[in-house]
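Fold and geometry: a report
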Amino acid sequence: MDSIYRQLDIVRKRLKWLQAWTKVRPGCLAGLAAAILCLLAGRLWPIESLWIYAASGLLLGPSLGWLWGWLSPVSDRMTARTMDQWKQSGEAEDLMVTALSFAESDSMLALQQRLQAEEYGARFIQQIKQNLPFSIKPKWWLIYGVGCAVIVALVLLPNEMNDVIDRQKQERAWVKAQVKETDEKIEELAHQPLDPLNKAALDQELQKLRQALAESRQGEKSLEALEQSMKTLQEMSDRLNLQQQERTAWLDMWQANPSTSSLAKALQQNQAEEAKQELDQLKSRLPEMSQAEKQKLADQLQGLAEAAPQKDEDAKRLAEALSQVAAALNADDSQELEQAMEQLKQLAEENANAASALSQQSAAAAQLASALAKQGIGLAQDMNAAGMAVADSWSMGGLAEQLASAAASGTGGEVDPDGSSGNGNGSPSEGASGAASGNTPDGSGAAEGSGSAAGGANGAEAGGGSGNGAGTGNGAGAGDSSGGSGAGLGSGGRSLVTTPREYKGSGNIQNDGGPTSGGQVQKGGNSPVFDGVSRPYEEVYSDYASEAKRSLERSELPQSMQGLVERYFMEIDPGR
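These figures come from a predicted structure and were not determined experimentally. (Residues numbered from 1 in each chain as written. Predicted model: local features only at pLDDT ≥ 70, side-chain atom pairs only at ≥ 80, totals over all residues. Heavy atoms only, no water.)

A few points about the overall build of the protein
Filter applied, for reference: Each helix corresponds to a stretch of at least 4 residues labelled H or I by DSSP, and each strand to a stretch of at least 2 residues labelled E; elements are numbered beginning at the N terminus. Think of it in three bands: residues with accessible area under 20% of the maximum for their type are buried, residues over 50% are exposed, and the middle band is partly exposed, with areas taken using a 1.4 Å probe on protein chains only. Two residues qualify as a contact provided that any one of their heavy atoms is within 4.5 Å of a heavy atom in the partner residue. For the accessible areas, the method is Shrake-Rupley and the probe is 1.4 Å, while residue cover comes only from the protein chains on display.
Check the secondary structure of the protein and you find 18 helices and 8 strands. Expressed as a percentage of the 576 residues in the protein, the buried residues total 42%. For the protein, long-range pairs separated by at least 24 residues make up 73% of all intrachain contacts whose partners lie at least 6 apart in sequence. About 30600 Å² of surface is accessible on the protein, with carbon and sulfur atoms providing 53% of the total.

Given below as structure tokens:
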């Protein structure tokens, strides 16, 4: 029987191999079907790595079929029955099955039957490939060929979803860049010398933004997160600025009283040590005051306490200390007055330090809001160049550009590319202020600005330049330390307008030797066109005219200039 079992094992392996290939055939069909379905789905939805999925289907189907066939069990009896079905003499044999049936018998008849079965098995194994041949029916080749042809056609035909996938990859690259820039801002904030509590509020907002950016996969979602954080930081800065303004207005009331005037100045400048010195001096003068003077001072201090800003907790604590000093003065209690003055000195120091910390926090919040605005503007320009829409906050003249421009124009007057007015004070190194040509819808320019000279000067500058896109023109204007204006007219073709990337002009600067003084003008909006992007002239004119109107409403235009401005807009009106 050992020899017969070895023969059965050889035949079993052949049967398992044939069985595995038999299961590969439907596996191949399943793989072809899976690949075709993947490629068809890729034409309906933007599926990235589509080729990997299709190739995986082609490989996985046959592989699973092979494993299924190879791992399926083949018993000794099934193997013996298969061998007996081989017809050598035209009739089925049952030698192998019979040998297995009487494997435990030791009779002479059983032994003789095993000998015959062993001889039969040897002959079967000698021609095992002929007895158990491998074959594929023609219909299978036809089905495989059709499936492969369909796959090739789906691969070669253009697929619109590929463009969508490319845009998704581009958006993810944008988002990744935004996360990196936000990480840099978080790192910069960590090294700023701010109060830990105030820094924590800023860091919390940046961490929230980073998480939102990391979770977003679209440029639109990233812009929404940037806009939310930008507005939150700007609102924080505005709220702190308002608190500082209310505190300053309150301290201005202190200056009306000679006894607290110097103290008010020290507190307004957030000088804690100087404030303590002023209080020590006031304390030293109290014994020399008459009762009437003390009563007057007490009334004044109580009035200042009652006028304290109610939303400022530091100011409220300082006001309570003022009330205690006033009460001690009214009671003429020297011991109570001593304690009240010490407490006032301590709270004045805390108020100055707190105001200084809040001022730094306000400046840092405004700086971060401006930085996020610049960061978002870059993303918005990339999206706009890719043909994607952006929110109004990121369009030209929107909130983001206003915040970015506000930081850029913190020192020195600035003229915007569209020729609208700029604001700010000129630096001492500037010899004069004047007008420069700007890019307006028709190529002409109008601008205004102001500045002060180191040696003291009012100046005028004439500048000439060319508009980019739809026409050319020159602009000229004059300015002084309190403000200046200029306008220019031009003509040219009016079909499309493109904002240039460089703005050039030339002119002479003259100093008149006049007195120096700071000047301020109102800042207007900006050109409603992204750099390098063209828009119809009629649309640009409408936006430009509206922005110019808003700019004029914010400041009164000299009578001599009103006619010039009116003629200017009549000249560039697309309806003429």
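Looking at the packing of helix H11 (residues 258-268) against helix H12 (residues 272-285)
To be explicit about the condition: Between the N-to-C directions of two axes lies an angle of 0 to 180 degrees, each axis being a line fitted to C-alpha atoms and, for a helix, fitted only over the stretch in contact. Note that the term roughly parallel is reserved for angles under 35 degrees, roughly antiparallel for angles over 145, roughly perpendicular for angles of 65 to 115, and oblique for everything else. Each residue is assigned to one class: nonpolar for Ala, Val, Leu, Ile, Met, Phe, Trp, Tyr, Cys and Pro, charged for Asp, Glu, Lys and Arg, and polar for all the others, Gly among them.
Put simply, H11 and H12 touch, their axes get as near as 8 Å, and they point 170 degrees apart. Classed by the angle they form, the pair H11 and H12 counts as roughly antiparallel. Here Ser259, Ser262, Leu263, Ala266 and Leu267 of H11 lie close against H12, whose contacting residues are Glu274, Ala275, Glu278, Leu279, Leu282 and Arg285. Per-class residue counts for the contact of H11 with H12 are 6 nonpolar, 2 polar and 3 charged.

Quick notes on the nonpolar core
The test is simple: Residues belong to one nonpolar core when they are buried, are Ala, Val, Leu, Ile, Met, Phe, Trp, Tyr or Cys, and are joined through side-chain atoms within 4.5 Å.
Counting 35 residues, the largest nonpolar core has Trp250, Trp254 and Leu267 as the members making the most contacts within it. Of all the elements in the fold, those that place two or more residues in this core are helix H10 (219-254), H11, H12, helix H13 (291-306), helix H14 (313-331) and helix H15 (334-385). Here the element with the most residues in this core is H14; it accounts for 9 residues. Counting residues in each nonpolar core, the second largest holds 33 residues, with Leu233, Ala373, Ala380 and Leu403 among its members.

Brief notes about the UniProt feature "transmembrane region" (unreviewed entry) in the protein
Just so we agree on the cut-off: UniProt positions are given in the numbering used here, feature names are shortened, and annotations may be inferred rather than shown by experiment.
In this numbering, the UniProt entry assigns the feature "transmembrane region" (unreviewed entry) to residues 24-45, 51-71 and 140-157. The straight-line gap between the two end C-alpha atoms of residues 140-157 is 26 Å; of that span, 94% is helix and 0% is strand.

Here we look at the packing of aromatic side chains
The cut-off we apply is this: Only rings of Phe, Tyr and Trp enter the pairing, Trp through its six-membered ring, and a pair is recorded when the two centres are within 6.5 Å. The plane angle decides the type: under 30 degrees is stacked, over 60 is edge-to-face, the rest tilted. Only when the NZ atom of a Lys or the CZ atom of an Arg is both within 6 Å of the ring centre and within 35 degrees of the ring normal do we say a charge sits over the ring.
One pass over the structure, following the stated rule, counts 7 aromatic pairs. Ring geometry for Trp17 and Trp21: centres 6.1 Å apart, planes at 65 degrees, overall edge-to-face. Taken together, the positions of Trp17 and Trp21, both in helix H1 (residues 2-41) and 4 residues apart, correspond to about one turn of that helix. Of the aromatic side chains, those joined through ring pairs into one cluster are Trp17, Trp21, Trp66, Trp70 and Phe134. Above the plane of the ring of Trp70 lies Lys16, whose end atom (NZ or CZ) is 5.4 Å from the centre. The ring of Trp68 has Lys23 lying over it, and the distance from NZ or CZ to the ring centre is 4.1 Å.

Some thoughts on the packing of H13 against H14
Here is the rule we go by: The crossing is said to be left-handed when, going from far helix to near helix, the turn is anticlockwise and less than a right angle, and right-handed when the turn is clockwise.
Between H13 and H14, whose axes approach to 8 Å, the crossing angle comes to 160 degrees. With respect to their mutual orientation, H13 and H14 come out roughly antiparallel. Seen from above, H13 lies across H14 with left-handed handedness. Along the contact surface, H13 presents Gln291, Lys294, Gln295, Leu297, Ala298, Leu301, Gln302, Leu304 and Ala305, while H14 presents Ala319, Leu322, Ser323, Val325, Ala326, Leu329 and Asn330. A per-class count over the contact of H13 with H14 returns 10 nonpolar, 5 polar and 1 charged.

Digging into the environment of Ala256
Checked against the element boundaries, Ala256 lands in the loop between H10 and H11. Sequence separation between Ala256 and Gln300 is 44 residues; the distance between their C-alpha atoms is 9.7 Å.

Concerning the pattern of salt bridges
Two side chains of opposite charge can pair, provided their charged atoms sit close to one another. For clarity, the cut-off: By salt bridge we mean one thing: a side-chain nitrogen of Lys or Arg within 4 Å of a carboxyl oxygen of Asp or Glu.
In total, this model carries 14 salt bridges according to the counting rule given. In this structure, Asp183 and Arg210 form a salt bridge, with 2.4 Å as the shortest nitrogen-oxygen distance. A residue pair is termed long-range when its members are at least 10 positions apart, and Asp183 in helix H8 (residues 161-190) and Arg210 in helix H9 (residues 196-215) qualify at 27 residues. Asp183 gets classed as partly exposed once you look at its relative accessible area, which sits at 29%. The partner of Asp332 in a salt bridge is Lys294, and the shortest N-O contact between them spans 3.8 Å. Pair noted here: Asp332 is in the loop between H14 and H15 and Lys294 is in helix H13, with a separation of 38 residues, a long-range link. Residue Lys294 is classed as buried on the basis of its relative accessible area of 14%.

Some thoughts on the UniProt feature "coiled-coil region" (unreviewed entry) in the protein
Sequence positions flagged by UniProt for "coiled-coil region" (unreviewed entry) are, in local numbering, residues 199-292 and 330-364. With 94% helix and 0% strand, residues 330-364 has end C-alpha atoms that lie 44 Å from one another.

Concerning H9
Quick reminder of the rule: An expected span of 1.5 Å times one less than the residue number is assigned to each helix. Counting of polar contacts relies on pairs of N or O atoms within 3.5 Å, with two restrictions inside protein: one atom must be capable of donating a hydrogen and the other of accepting it, and residues adjacent in sequence are counted only when both atoms are side-chain atoms.
The terminal C-alpha atoms of H9, which comprises 20 residues, lie 28 Å apart, in line with the 28 Å expected from a rise of 1.5 Å per residue. For H9, the capping residue at the N-terminal end is Asp195, with a side-chain oxygen 3.1 Å from the backbone nitrogen of Leu197.

Observations regarding the state of the cysteines
The following threshold applies: By convention in this document, the label disulfide applies to cysteine sulfur atom pairs within 2.5 Å.
Per the counting criterion, the structure on display carries 0 disulfides. No disulfide involves Cys28; its sulfur sits 9.0 Å from the nearest other cysteine sulfur, which is in Cys148.

A short note on helix H7 (residues 138-156)
The terminal C-alpha atoms of H7, which comprises 19 residues, lie 27 Å apart, in line with the 27 Å expected from a rise of 1.5 Å per residue. Residues of H7 that are buried sit in contact with H1 and helix H2 (50-71).

Quick look at the confidence of the model for the protein
We apply this condition: The pLDDT value expresses, per residue, how confident the predictor is, ranging between 0 and 100.
Residues at a pLDDT of 70 or more form 71% of the protein, whose mean pLDDT is 75. Long-range and interchain partners of residues 411-494, a stretch whose pLDDT sits below 50, account for 263 contacts in this model, where long-range means more than four residues apart. A low-confidence stretch, residues 509-533 stays under pLDDT 50, and its non-local contacts, those more than four residues away or across chains, total 101 contacts.

Here we look at unusual backbone geometry
The backbone of Asn270 sits at a positive phi, close to 55 degrees, despite the residue not being glycine. Even without being glycine, Asp332 reaches a positive phi, approximately 55 degrees. You can call Asp332 partly exposed: its relative accessible area is 48%.

Some words on the environment of Ser56
By secondary structure assignment, the location of Ser56 is in helix H2. Put simply, Ser56 and Gly31 are 25 residues apart on the chain and 8.2 Å apart in space, counted from C-alpha to C-alpha.

Quick notes on the environment of Ser356
Inspection of the secondary structure puts Ser356 in helix H15. Spatially, the C-alpha atoms of Ser356 and Gln244 are 9.8 Å apart, while their sequence positions differ by 112 residues.

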